[in-house]
Amino acid sequence: MARSNEVDLTDSKRVVPLNTWILISKFKLSYKLLRRSDGTFDRHLAEFLDRKVPPNANPVDGVYSFDVIIDRGIGLLSRVYRPAEEGEGLPTLAELEKPITSDIVPVIIFFHGGSFAHSSADSSIYDTLCRRLVGVCKAVVVSVNYRLAPENRYPCAYEDGWTAVKWVSSRKWLQSKKDSKVHIFLCGDSSGGNIVHNVALRAIESDIEVLGNILLNPLFGGEKRTESEVRLDGKYFVTIQDRDWYWRAYLPEGADRDHPACNPFGPNGISLEGVKFPKSLVVVAGLDLLQDWQLAYANGLVKAGQEVKLIYLEQATIGFYFLPNNDHFHVVMDGISNFVSSNRQIV
Amino acid sequence: MGPEGSSITSSSGSSSSCSAAARAPDHHHHHQIDQLLAGAGYSVRSSQLHQVAHRLECLENVMVHNQNIPTHLPLQYHLANDVVHYNPSDLSSWVDNLLSELHQLQPGSSASSSGLPPCAGNYESTGWSPSEFHAPPPPRNGNGNESENQQPQEVLSHVLHLMDQEDSSIQLVHVLISCAESVQCGNLPLAGSLIADLQALLTRVNTACGIGKVAGYFIDALSRRIFTAVPPGAASFMSCWASEDEILYHHFYEAAPYLKFAHFTANQAILEAFQGHDCVHVVDFNLMQGLQWPALIQALALRPGGPPLLRLTGIGPPSPDGRDSLCVIGLRLAGLARSVNVKFAFRGVAASRLEDVKPWMLEAAPNEAVAVNSILQLHKLLGPDQVHGSSSVEQVLAWIRGLNPKIVTIVEQEASHNQAEFLDRFTEALYYYSTMFDSLEACSNRADNVLAEIYMQKEICNIVCCEDSARVERHEPLAKWKARLKGAGFKPLYLGSNAFKQASMLLTLFSAEGYCIEESEGCLTLGWHSRPLIAASAWQPASD
């Protein structure tokens, strides 16, 4: 019964479970309310609508969490998730930051998604995801509450990410026992994936080693309209129009989408040939309209001689990793787990 | 640092897991919250997932449509700033809140005041186009924002109200079917909670007409089935007084053309079959009030060459109060026959079930032309009872055949209400009776309508609540009856063009627009808006 002036949502409903459809549609609609046509953002309402959870030092399903202030000057918070030991109860304040006792424990620095404008480290969906990563990767996860656009444009998110990397790298209690070094991975979805790449770039010139980049449906783009953007516009929760809005909100005023932050292998990108760049795991959803940019990113890395593992999920839409009710979720969790365990040694 | 080590894994995932998981994941407890959404911070009952999804769709439609409205206060602005958002974790009420806020943009928005078309059937009016909104520029008064956006918001609210009605109606159907499904699975707790949801939904639709009214009856029937410990016998739906059934039948007869169509068509066929016979005998499987026979008696009276001797054997349930109601009717018909000079004899056969009638009770004489007339009776023989290895219907058809009748006129509901699966029967019945009720509404006589509806409600209750031998309303479509009759040794007797003309004329005399007669392979069906609802056919014994 589709009439010509009705939104046709039948495509998206056919490929995701009902509760996932509800979740992502809800985000889609409430985000629409928050974006103003003049480029401003209704932060007040956004904060009210965002479902958040407090940290919980009490282990739940073997994971406990606590918040730390990384940079008092800008108020940069991060939430740390640690695996609880067998029979461990509520840790004391001092015990929260007790040193790692295992030989090697990967520390995953996580950047949540939200197209640079939405969500936080304490958003419910990301808290859940980070807790899962702890179990799946036997890792400590540090979720960075980076500053959001449009109030804080490029390069704030990257600077906050880099600050977090430096902080993590310098925590004695996060060092693996084997080599007294912190084994760092970067992981992020959507804008978080974009942040992963750009923070990894900053790490190149430093003596901090990043063992791996994990990018889930990363946010990349460019001035050109790619075939996947045109074909999938509006079909699976995302429109080109809203993607453009978020780039305008994040990139510097006057910049276009060929800015290297957005389009790292575009006309303004820098070459990564011969550069010691971390190995990358790139996850692309086949029903994400940005896939052409994401695949171009992976190809760009390959062409520059970098190591890339690509997981392409034909029937997945954005956000498939929020609820464990589909096969893509498990494929990706396994992929991440393998990636982390194969690369956690510092060679 | 060469390119080795780069690898590509492609996975097409599994859409089957998606579609399998598209249903609510947890049926165990009717208050069950969807656990996965709860983990994401949203509280939605598993049983409400479809409803919430639908409301989200409606909200999106409104937000998308609004982009075309050239108001200076965009809808998004209103929703973001002027609407109070309550608990955002309660997704269902959050969405409803937004939708009803938009609804309330129009002051005094009730069905009557906004002059909406009747909800029974016509939703084309939701197809408005943006060009309708060349609203004049809002008056530049300093205060009072209300008047400024009156025009576009009026239409918006009109759309929303229709959408609200429409989507509540659609939800009603979905939840009804879900409830029937859970009854079929034996999940009575879930079914019970869905009844509560249904009753809530009923408050949001117009129950005076359309799907709202029919749904009410189905919800009632389902409730009886779910909440009654002992399955009801057929008797619990029969009236205490046979006269009550007669009254309901009479009102159904008057309210809609179905029974009249049945009688006219059968009579025409019988009349033609009796041509050239001087002694004729009509066996009526359900005399009721004998409403069919005055017309035949009069037609026989006017027959060129004079009327035959007419015998009428009327079968009906025994009267509980001791009076012989069959005889009373027989006497009345005899009086009429006398007044038109038709030699007439009547015999009543009291039997509570057609299966109990034996051919010897009919006293068919060898020189008579016999017509067997069954209006909405044969389906009652399709129950599970078997005697000596053959089913009731086979036995009855066999003795009909044994009478060597000149004609057998059969009228049955054109519906498939005897399917093996409860859910299939339920869904069929929902659509069938919705159409029946719609057609009733089109006829103007309100007094008849109420009781006619109760007549149909009893059928609905029997289909939904009863099982085994108690379930007698086992309607089957014409195609199945054709096969059955052919198998019992009958061949079709084509209803002629006279019957078709009679039926069409009947419609113009009695009924509203929307009814339609169709002819196919010598059978006639009467339907509402191209959905056939009742089918008439005639048969004769096939030569051995």
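None of these values were measured; they are calculated from a predicted model.

Residues and elements named next belong to chain B. Structurally, N286 is set in the loop between β2 (279-284) and α11 (293-301). When the C-alpha positions of N286 and I315 are compared, they lie 5.2 Å apart, and in sequence the two are 29 residues distant. Contact partners of N286, with chain neighbours within four places excluded, come to I315 and Q377.

Bringing the pairing of strand β1 (residues 63-71) of chain A into the picture now. All names here are of chain A. Pairing between β1 and strand β2 (residues 76-83): 8 bridges, direction antiparallel. Bridge assignment links V63 to a residue of β2, and that residue is P83. As consecutive antiparallel partners, β1 and β2 are separated by 4 residues, and within that stretch G75 has a phi angle of approximately 70°, a positive value.

Next up on the list: helix α6 (residues 156-169) of chain A. All names here are of chain A. In this model, α6 (14 residues) spans 20 Å end to end at C-alpha, consistent with the 20 Å of a helix rising 1.5 Å per residue. In terms of residue burial, α6 counts as a mostly covered element, since 11 of its 14 residues are buried. Buried within α6 we find C156, A157, Y158, D160, G161, W162, T163, A164, V165, W167 and V168.

Both the distance between ring centres and the angle between the ring planes are used here to describe each pair of aromatic rings. In the structure shown here, the tally under the stated rule is 29 aromatic pairs over all chains. On the basis of an interplanar angle of 70° and a centroid distance of 6.3 Å, the ring pair of F27 of chain A and Y42 of chain B is categorised as edge-to-face. With F27 of chain A in helix α2 (residues 18-34) and Y42 of chain B in the loop between α2 (35-39) and α3 (49-66), the pair connects residues from two separate chains. Ring plane angle 5° and centroid distance 3.8 Å describe the contact between F116 of chain A and Y250 of chain A, whose orientation is recorded as stacked. Here F116 of chain A, found in the loop between β3 (106-111) and α5 (124-137), pairs with Y250 of chain A, found in helix α9 (residues 240-250); they are 134 residues apart in sequence, far enough to count as distant.

Under the definition given, this model contains 5 cavities of 30 Å³ or more. Volume-wise, the largest cavity comes out at about 140 Å³. Where the lining of the largest cavity is concerned, the elements lending two or more residues are α2 and α3 (43-49) of chain A. A total of 5 residues in the lining of the largest cavity trace back to one element, the largest contributor, which is α2 of chain A. In this model, the second largest cavity occupies a volume close to 90 Å³. Lining the second largest cavity, in full, are F252, Y258, L259, L376, Q413, Y432, M436, Y455, M456, E459, L533 and I534 of chain B. Breaking the lining of the second largest cavity down by element, the ones donating at least two residues are α10 (258-273), α14 (422-442), α15 (446-465) and β12 (531-541) of chain B. Here the lining of the second largest cavity takes 3 residues from α15 of chain B, the largest share from any one element.

Below, the discussion takes up the pattern of salt bridges. Residues and elements named next belong to chain A. Considering all chains together, one arrives at 33 salt bridges over all chains under this definition. Of the charged contacts in the structure, one is a salt bridge between R231 and E227, with a shortest N-O distance of 2.8 Å. Of this pair, R231 and E227 both sit in helix α8 (residues 227-232), 4 residues apart, which is roughly one turn of the helix. Note on R231: relative accessible area 40%, which makes it partly exposed. The network of salt bridges with common partners includes E47, D50, K52 and D122.

As a further point, take the packing of helix α7 (residues 188-202) of chain B against helix α8 (residues 210-227) of chain B. Residue and element names in this part refer to chain B. Across the interface, α7 lies against α8 with an axial gap of 10 Å and an inter-helix angle of 155°. Taken as axis vectors, α7 and α8 run roughly antiparallel relative to one another. For α7 against α8, the interelement crossing comes out left-handed. For the pair α7 and α8, contact is made by L188, A191, G192, I195, L198, Q199 and L202 and by G212, A215, G216, I219, L222, S223, I226 and F227, respectively. Across the contact of α7 with α8, the residue classes break down as 10 nonpolar, 5 polar and no charged.

With that settled, the discussion passes to the nonpolar core. For soluble globular proteins, nonpolar side chains are generally found buried alongside one another. Residues and elements named next belong to chain A. The biggest cluster of nonpolar side chains holds 142 residues, and the ones touching the most others in it are I22 and L186. Here the element with the most residues in this core is α2; it accounts for 10 residues. Those residues in contact with L186, other than ones at most four positions away along the chain, are I109, F111, V165, V196, V199, A200, V210, G212, N213 and I214.

In this section: the side chain of N326 of chain A. Assignment of secondary structure puts N326 of chain A in the loop between β8 (308-313) and α11 (327-343). Separated by 3.1 Å, the side chain of N326 of chain A and the backbone nitrogen of H328 of chain A make a polar contact.

This brings us to the confidence of the model for chain B. All names here are of chain B. The share of residues in chain B with pLDDT of 70 or more is 75%, and the mean pLDDT across the chain is 77. Per-element mean pLDDT across chain B ranges from 33 in helix α1 (residues 15-20) up to 97 in strand β8 (residues 407-413). Counting contacts from residues 1-29, a segment whose pLDDT is below 50, to residues more than four positions away or on other chains yields 53 contacts. pLDDT under 50 marks residues 106-159. Its contacts with residues more than four places away, or in other chains, come to 58 contacts. Reported confidences for the modelled complex are a pTM of 0.54 and an ipTM of 0.88.

Turning next to the packing of α10 of chain B against α11 of chain B. Residues and elements named next belong to chain B. One way to put it is that α10 packs onto α11 with a least axis distance of 10 Å and a crossing angle of 30°. For the element pair α10 / α11, the angle class is roughly parallel. Both α10 and α11 take part in a crossing whose hand is right-handed. Every residue of α11 that contacts α10 at N267, I270 and L271 is listed here: W293, A295, L296, A299 and L300. For the contact of α10 with α11, the per-class residue count stands at 7 nonpolar, 1 polar and no charged.

Moving on to unusual backbone geometry. Cis geometry is adopted by the peptide bond preceding P150 of chain A, which originates at A149 of chain A and carries an omega value of -5°. Residue position: P150 of chain A is located in the loop between β4 (140-144) and α6. For the peptide bond that leads from Y154 of chain A to P155 of chain A, omega is 0°, which places it in the cis range. One non-glycine residue with positive phi stands out, namely N404 of chain B, at about 50°. Positionally, N404 of chain B belongs in the loop between α13 (392-402) and β8. Given a relative accessible area of 54%, N404 of chain B falls into the exposed group. Of note in this structure, S530 of chain B is not a glycine but carries a positive phi near 70°. With respect to the secondary-structure elements, S530 of chain B resides in the loop between β11 (523-528) and β12.

Rules used in this analysis
- Residues numbered from 1 in each chain as written.
- Chains lettered and ligands numbered in written order.
- Predicted model: local features only at pLDDT ≥ 70, side-chain atom pairs only at ≥ 80, totals over all residues.
- Heavy atoms only, no water.
- Helix = DSSP H or I, 4+ residues; strand = E, 2+ residues; numbered from the N terminus.
- Contact = heavy atoms within 4.5 Å.
- Pairing = 2+ DSSP bridges.
- Expected span 1.5 Å × (residues − 1).
- Buried < 20%, exposed > 50% of the residue type's maximum accessible area, 1.4 Å probe, protein only.
- Phe/Tyr/Trp six-rings, centres within 6.5 Å; stacked < 30°, edge-to-face > 60°.
- 1 Å grid on protein atoms, 1.4 Å probe; cavity = no way out; pocket = protein on both sides within 12 Å on 5 of 7 lines; lining within 4 Å.
- Points joined across faces, edges and corners; volume = space filled by probe spheres on them.
- Salt bridge = Lys/Arg side-chain N within 4 Å of Asp/Glu carboxyl O.
- Axes fitted to C-alpha atoms, helices over the stretch in contact; angles between N-to-C directions.
- Parallel < 35°, antiparallel > 145°, perpendicular 65-115°, else oblique.
- Left-handed = near helix turned anticlockwise from the far one by under 90°.
- Nonpolar A, V, L, I, M, F, W, Y, C, P; charged D, E, K, R; others polar.
- Core = buried A, V, L, I, M, F, W, Y, C linked by side-chain atoms within 4.5 Å.
- Polar contact = N/O pair within 3.5 Å; in protein donor to acceptor, adjacent residues only side chain to side chain.
- pLDDT = per-residue confidence, 0-100.

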